[in-house]
Structures are given as C-alpha cells and as structure tokens.
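# Structural characterization, general
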Amino acid sequence: MEKKKVGATRVLLLYCAIATYFASAFLLPEYWRYLLLIMSIMVIVTQGLNVMIGFAGIFSFGQPGFMAFGAYMGAILSERFPWIPFPLILLAAGSASAFLGLVIGFPCLRLQGFYLAMATFGFSSSIYQLINYLKPLTGGNEGMYAPAPAIGSLKFGSTTSVLLIAAVCVVLVQYAVRRLDRSRTGRAFKALRDDEIAASSMGIDLAREKLKAFAFGAFLAGVAGVLYSYAIKYLEVGYFSNMGLSFFLILVVGGIGRVYGPLFGSVFLTLLPQLLGGKFSQQMSLVYGMILVAFVLAAPEGFYGLWRRIRRIGAPRTRRRGAA
Amino acid sequence: MIFSLLIDGLSVGSVYALVAMGLVMLAQSTGTMNFAHGDFMMFSTFVAYALLVQLKLPFAVAIAGAMVFAALLGFAVERLVIHHLIGGPMAASIMATLGVAYILQGIAKDIWSDNIFRFPEIFPGDYIHVGPARMSPQSIGVIVSTLAVISLLYLFLNKTKAGTALRALTQNRQAALLMGVRVSRMFSVSWIVGGILAALAGILLAPTLFLSTGMGGITFTGIIAAIIGGFGNIYGAILGGYILGIVSSILPLFIPTELQGIIPFVLLMIVLFIRPTGLIGKRVVKKV
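Residues numbered from 1 in each chain as written. Chains lettered and ligands numbered in written order. Predicted model: local features only at pLDDT ≥ 70, side-chain atom pairs only at ≥ 80, totals over all residues.

Before going further, it helps to examine the overall build of chain A. Along its length, chain A carries 15 helices and four strands. With the C-alpha coordinates aligned to their principal axes, the bounding extent of chain A is approximately 65 × 50 × 45 Å. Looking at chain A as a whole, 44% of its 324 residues are labelled buried. Restricting the contact set of chain A to residue pairs at least 6 apart, pairs at least 24 apart contribute 77%. (Helix = DSSP H or I, 4+ residues; strand = E, 2+ residues; numbered from the N terminus. Buried ≥ 20, exposed ≤ 12 C-beta atoms within 10 Å, placed from the backbone. Contact = placed C-beta atoms within 7 Å.)

What follows is the structure in structure tokens.
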C-alpha cells in the first residue's frame, strides 16, 4: 500500500502550533500560563486513559490513583536524593506506576472488562488511604512539600520552566501515541477492543496486549503526577481523589480513541470554568454530569465526530461500504 | 464482643447485599452496570427524608413515596439514556451512568446542601442484651427486613411471569426475544426493580450511616461485594455482601483504623487471584 501523503501545509501548521505552544510559556500572563500547565498535565494523563479505553477497550478508574502514586513517589525520591536530575525522577515515577499497573492488572485481565475497572477503582481509593497512613514518608493528612524540578543545584521551579518541561512531555506523548496508533501494537489493541474472540483467533495474546495498554496508561499517569506535583508545589491526597470525572469528560468531549482527542478535551475542560464564571464551582458535578451524558448520547465521538459531521455537510454523499 | 461485631457486620452486610443484588440483577438482565445505583439510593433516601422529617408524614408513606420515586427514576433513566446505548461499547454505558450519578448528586446538593443529615431510626429502642452480646434493634431490624426483601425478590423472579421473563433475558436474550418476551419492556422493568431495591437499601442504611450527598460511593462497595461472591447470579452477590460486611466489621479489631478503607480492595484482589469467578461463580466460556 502507498503511504498516505501528508500535505505540506499540515506539517507547517503542526510546527506553528508547537512553536506557539512553547512561546506561550513565555508570553502568557502568569494565570493563563498556570492554566496551560494544568491543561498540559491533563493531556498526558488522559492520553494514557485514551490508549486504555479508546484503543484497547479496557476501562479504568485507576488514573487518579496512579497519578497520586507518581506524584508522591517523585516528591519522596527528590526529597531523599536531591542529586537525581528531574528527568530521571519523571522516568522512575512513571516506571514505578507502570509496574504497579502490571501487578494489579495481572489477575484481572483474563476476566471481563469491568472486573479490571473495579479493581482499579479499589486501587485508587486504597492508595489515598495508604498515603495518608504512611505519615513519616508522606506527611499524612497534612500533606508534603514537593521539591521543584532540579538538575544538581540548578532549580527550575517557575511556572514557565515547569510548563516547558510539561510541553516537551506533551509533544513526546502525542508523538508516541500517534506512532502507536499506526503500529502493530496499536492495531492489536483495536482488534481486541472490537472483538476479543476474533482477535485471539488472529493470534493476538489478549492478556499481554491488555497489560501493555494498562501499563502504558499507568506510566503516563505517573509522569503526569510528578509534573502535577511540580505545578502545585504542595501535595495533598484530596487533590487527586476528585479528578476522576474530569478525565472521563475530557476523553468523551475530545473523542474517545482519537490521537488528538485528549488535546481538544483538555482545552475544553480548562476553558469551561473560565467561561461559566464564579457560580460554576457549586454546580460542578451537575454541569459535568450533564455534559457527559449529552456527549455520550448525542456525540459519542466527541468534538472530533462533530467536526467530521460538519465537514461532511455539502460534500458529495458517499455510501459507506461494508456495513452489515 | 465478637458476637456484637458479628451482628453489626451482618447488618452492614445486609445493606451491601441489597446494593450488590440490585446491581447484579440489572447487569445480568440488561447488560448495563449502573454506576448511578448508589446515587439512586441517595436521592430516594433524601426523598424519604423530605417526606418524613420536612413534611412530617408517617413512616409508611415516606417509604412508599421513596419507592415510587425510585421506580420512576429508574424508568426515566432507562428510557431517556440507557435505551439509546444498548449494544454499544461498555465505556459508553459506564460513562452515561456515571454522568447520571453526578447529575443526581448535583441536584441533591442544590436542594439539600452538602450537610450530613440524621435519618430517624426505623427500629427505635434500647439495646437488647443476650448473654454477653449487645444488639441494637436497628441492626436486627435491618437484617430481618433484608431477608424479607431477598425473599420477595426470590418470589418475584421465580413465581411471577415478569420474573420468569427477566430470568430468561439473563440466560439468553435472543432466545427470550424469540419466545415472545418483550425485551424492551423487560429492560424498563429491570430498571424499575433496580430503583426500588436501591431505595430500600438507602432507607435501611441511612439511620446507621447518616444521610449525605456523598452516600452514592457505596455503588463501588456493592460491585466489589458482588465480584467477591460471584458476579454470575444474585445469590453470589448476596453472599459477597454479607462476607464483606462481616469482614469489614471484624478486621478493624486487628488493623489500624486508617487502613479500614482498603479492606474491600485487598479482599477483592485475593479473591481475583484465587478464584476469579467469585466464591460461587461458574466459569463461563464464551462461544461464537
């Protein structure tokens, strides 16, 4: 098969977008810079969730738990061993999360999908309790200060520098997921999502592929957790336990299983409270719940699907082939 | 001491069993896991509270009102949301029911605020002393009512036409359809029964655990209980509910209180490692 040619304008647009993204770390006012930082972190976590749910079809409530684990892991590591440069901390926390993901995933992945979903939920709520319990390490209920990212004695604590670190991660993650989307593994994920029996008869090792997707998601959550600890500078379990719903919302709004879905979703979710203003905070669960249900019912492919439908208006009609 | 804790465990376990039973009944017959089950429960209990305390109506009216409300809620959610997602991916129905859960929480917060309410005891009275044990009439009442509800559900499923149709749906939807079961109507029935079970569980639970908008989190405990017992049928769910209730009231004697919350998870992981189909589950081999 011939490789699809990507238009030069598209490539140019992509580079422009990345350049703008990095430039805004310097140009935006502090408040918006911080919002952009949080948004970037959300992109990383939900991209992990996207690969799990959207690609491989395994549902997980574990993302906030893995994120909390990664954040505390990173903070404790860099507190005890200040000489470790921050990229290593990011990798270590991510890998530890991924390993934990393997441990939890292993007994569940031979079972129906929702067993794993429940195990991940149990994991999330347990990790919060464990963190609060391990007071000497984590400060318990009172929380702990998260050291700023550092290489040797150089510290990169400002919002701008953390945003730059996060931006590099976002670009890497987007690139990785785009590659994954078209790779052998990505196709295996989608095959088992669509029909496990058919996939396994095509020679796909179901448990192994599911574990891969799950560990990948946990890895990204761990990395995002460390970045989040750099952003908020002070860790408390409560920050993480309330995040779950926003992740699902980002995913559904952006388009489940789309490479750029988490990006659109995160932009939407970051701007939403800004647009709705002050009264919003009391009505959050109502608004989020309504948006979630509305999208699942009316636009299950999120903004991505809506955009495709709009573009199709006026275009010559093509009949879909192969729909049985 | 142990005996009193056992009674407490049975009483908490009864409520878990009711929740787990409702969830499994619904999941088995319609294929949808209702993550809003706990919030159905929360909202209907608030309705009962409003009728009982705010409007000062008698207990029977309040309970009946809450059950009717829950039935309508179940019916409405099925017709408006779930009906459109049948046959779709699992993620869609999970997210939709989660969305419904948050909508219910939002509305409840608007009406009743975030405070914690004391729900009047359904079975008031002093502790009963039997030998060394001390039992509250509330616990005994909860245990007995749960057994009554379980028997009623058993009779409904086994002795009525609608119940038989539901069981047929659980076994084989295609065959049930061919035998003349009105599948779409039975889905509504399942959701109505699920709603009523949620309301009953909430009213039984509220006097011991207080009433607040955060009560819905019990959904997850219920599902975990169901998996421990065996997700395949409602009796497994009931067994799992009691086991989880007893274990989580006796274990705190031996482990620090801060870690109580991880008991369900640890129990779940142990069961999944040793017997992934739950204690009384059968291994189902999916055929094409």
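From this point, things continue past the structure.
Across its full length, chain B holds 11 helices and two strands. Secondary structure elements of chain B occur, N-terminal to C-terminal, as α-α-α-α-β-β-α-α-α-α-α-α-α. Compactness check: chain B gives a C-alpha radius of gyration of 19 Å against a globular reference of 19 Å for 288 residues, within 12% of the reference. Expressed along its principal axes, the backbone C-alpha trace of chain B runs to roughly 60 × 50 × 35 Å. Within chain B, buried positions represent 50% of all 288 residues. Within chain B, residue pairs in contact and separated by at least 24 positions form 73% of the contacts whose partners lie at least 6 positions apart. (Rg over C-alpha atoms; globule rule 2.2 N^0.38 Å.)

The residue A:F123 is located in helix α5 (residues 113-133) in this model. You can call A:F123 buried: it has 25 C-beta atoms within 10 Å. Counting along the chain gives 23 residues from A:F123 to A:L100, while the straight-line C-alpha distance between them is 10.0 Å. Sequence-distant contacts of A:F123, that is, excluding residues within four places in its chain, are made with A:G62, A:G65, A:I104 and B:F265.

The interface of chain A with chain B comprises 37 residues on the first partner and 35 residues on the second. Looking at side-chain class alone, the side of chain A that touches chain B contains 26 nonpolar, 10 polar and one charged residues. (Nonpolar A, V, L, I, M, F, W, Y, C, P; charged D, E, K, R; others polar.)

In this section: the packing of helix α9 (residues 218-229) of chain B against helix α10 (residues 234-250) of chain B. Residue and element names in this part refer to chain B. At their nearest, the axes of α9 and α10 sit 7 Å apart, and the two run at 110° to each other. Comparing the axis directions of α9 and α10 gives the class roughly perpendicular. The chirality of how α9 crosses α10 is right-handed. In this structure, α9 contributes I224, A225, A226, I227, I228 and G229 to the contact, and α10 contributes G236, A237, I238, L239, G240, G241, I243 and L244. Tallied by class, the residues present in the contact of α9 with α10 amount to 10 nonpolar, four polar and no charged. (Axes fitted to C-alpha atoms, helices over the stretch in contact; angles between N-to-C directions. Parallel < 35°, antiparallel > 145°, perpendicular 65-115°, else oblique. Left-handed = near helix turned anticlockwise from the far one by under 90°.)

Our next topic: the nonpolar core. Most often, soluble globular proteins have nonpolar side chains that are buried together. Core analysis: the biggest nonpolar cluster contains 194 residues, and A:I44, A:L227, B:A20 and B:M21 have the highest contact counts within it. Here this core spans two domains, since at least three of its residues come from each of domain 1 (20-241) and domain 2 (243-308) of chain A. Among residues more than four places away in sequence, those in contact with A:I44 are A:C169, A:V170, A:V173, A:L220, A:V223, A:A224 and A:L227. (Core = buried A, V, L, I, M, F, W, Y, C linked by C-beta atoms within 7 Å. Domains from an automatic or database assignment.)

So, on to helix α4 (residues 90-112) of chain B. All names here are of chain B. When the terminal C-alpha atoms of α4 are compared, their 33 Å separation across 23 residues agrees well with the 33 Å that a helix rising 1.5 Å per residue should span. Here α4 lies mainly inside the structure; 18 of its 23 residues are buried. S113, located one to two residues past α4, shows a positive phi value of around 65°. (Expected span 1.5 Å × (residues − 1).)

All names here are of chain A. One can find G54 in helix α2 (residues 30-55). According to the C-beta neighbour criterion, G54 is buried, with 27 such atoms within 10 Å. Between the alpha carbons of G54 and F189 there is a distance of 9.1 Å; along the sequence they are 135 residues apart. Apart from the residues within four sequence positions on either side, G54 is in contact with I256 and G257.

A few words on the domain arrangement of chain A. Residue and element names in this part refer to chain A. Its domain assignment divides chain A into domain 1 (20-241) and domain 2 (243-308). Taken over C-alpha atoms, the centre of domain 1 sits 20 Å from the centre of domain 2. Counting from both sides, the interface comprises 20 residues of domain 1 and, opposite them, 16 residues of domain 2. For the side of domain 1 that touches domain 2, the secondary structure elements donating two or more residues are α2, α3 (63-80) and α7 (159-181). Looking at the side of domain 1 that touches domain 2 element by element, the count peaks at 13 residues for α2. Partitioning the side of domain 1 that touches domain 2 into residue classes produces 13 nonpolar, five polar and two charged.

What follows is about helix α10 (residues 206-232) of chain A. Residues and elements named next belong to chain A. Here α10 spans 39 Å end to end across 27 residues, near enough to the 39 Å set by a 1.5 Å rise per residue. Extensive coverage of α10 is indicated by the burial of 22 of its 27 residues. Once α10 finishes, K233 follows within two positions and takes phi at roughly 65°, a positive value.

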